[in-house]
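# Structural features, examined
Now for the letters of each chain:
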Amino acid sequence: MKVSENEYTMEILASLAGKVIAKKKGVSDIQGFDLLMNSKTGEMLFDDRYNLWNNGPDYIAAEYFLETNCKNSSANQTD
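In this report, we go over the structure that sits alongside the text. Note that this is a predicted model, so its numbers are computed, not measured. (Residues numbered from 1 in each chain as written. Predicted model: local features only at pLDDT ≥ 70, side-chain atom pairs only at ≥ 80, totals over all residues. Heavy atoms only, no water.)

### What to know about the overall build of the protein
Where we set the bar: Each helix is a run of H or I in the DSSP string that is no shorter than four residues. Each strand is a run of E no shorter than two, and both are numbered from the N terminus. Relative accessibility thresholds used throughout: buried, under 20% of the residue-type maximum; exposed, over 50%; partly exposed, between the two (1.4 Å probe, protein chains only). Areas reported as accessible are Shrake-Rupley estimates using a 1.4 Å probe. Residue values count occlusion only from the protein chains shown.
Across its full length, the protein carries four helices and zero strands. What you see in the protein, going N to C, is helices and strands ordered as α-α-α-α. Within the protein, the proportion of its 79 residues that are buried is 32%. Split by element, the accessible area of the protein, about 5,600 Å² in all, is 51% carbon and sulfur.

Dropping the structure here:
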């Protein structure tokens, strides 16, 4: 497995974004990190094609909340 030259930056951003998510959701930092890493946003953060790592932790957390709000909204819709 080839490690990205930006891997360290991605890891730091994941940790910081996880803390932002944890604070907003009222959960532990580890739970916030797990939520991010188990999301499409977390996947995209570690994919060089998306360059999500060029943004700060608040932006990454906002992308996570956009993703999860869209999932929750579509799951709650009835036909």
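We are not done yet, so read on.
### A word on the pattern of salt bridges
Pairs can form between side chains of opposite charge once their charged atoms are near each other. Operational definition: Salt bridges are defined as contacts in which a side-chain nitrogen from Lys or Arg sits within 4 Å of a carboxyl oxygen from Asp or Glu.
Using the criterion set out here, one finds two salt bridges in the structure. Between Glu43 and Lys40 there is a salt bridge whose closest N-O contact spans 3.5 Å. Note that Glu43 and Lys40 are positioned in helix 3 (residues 40-45) at a spacing of three residues, about one turn of the helix. With its nearest N and O atoms 2.6 Å apart, the salt bridge here joins Asp47 to Arg49.

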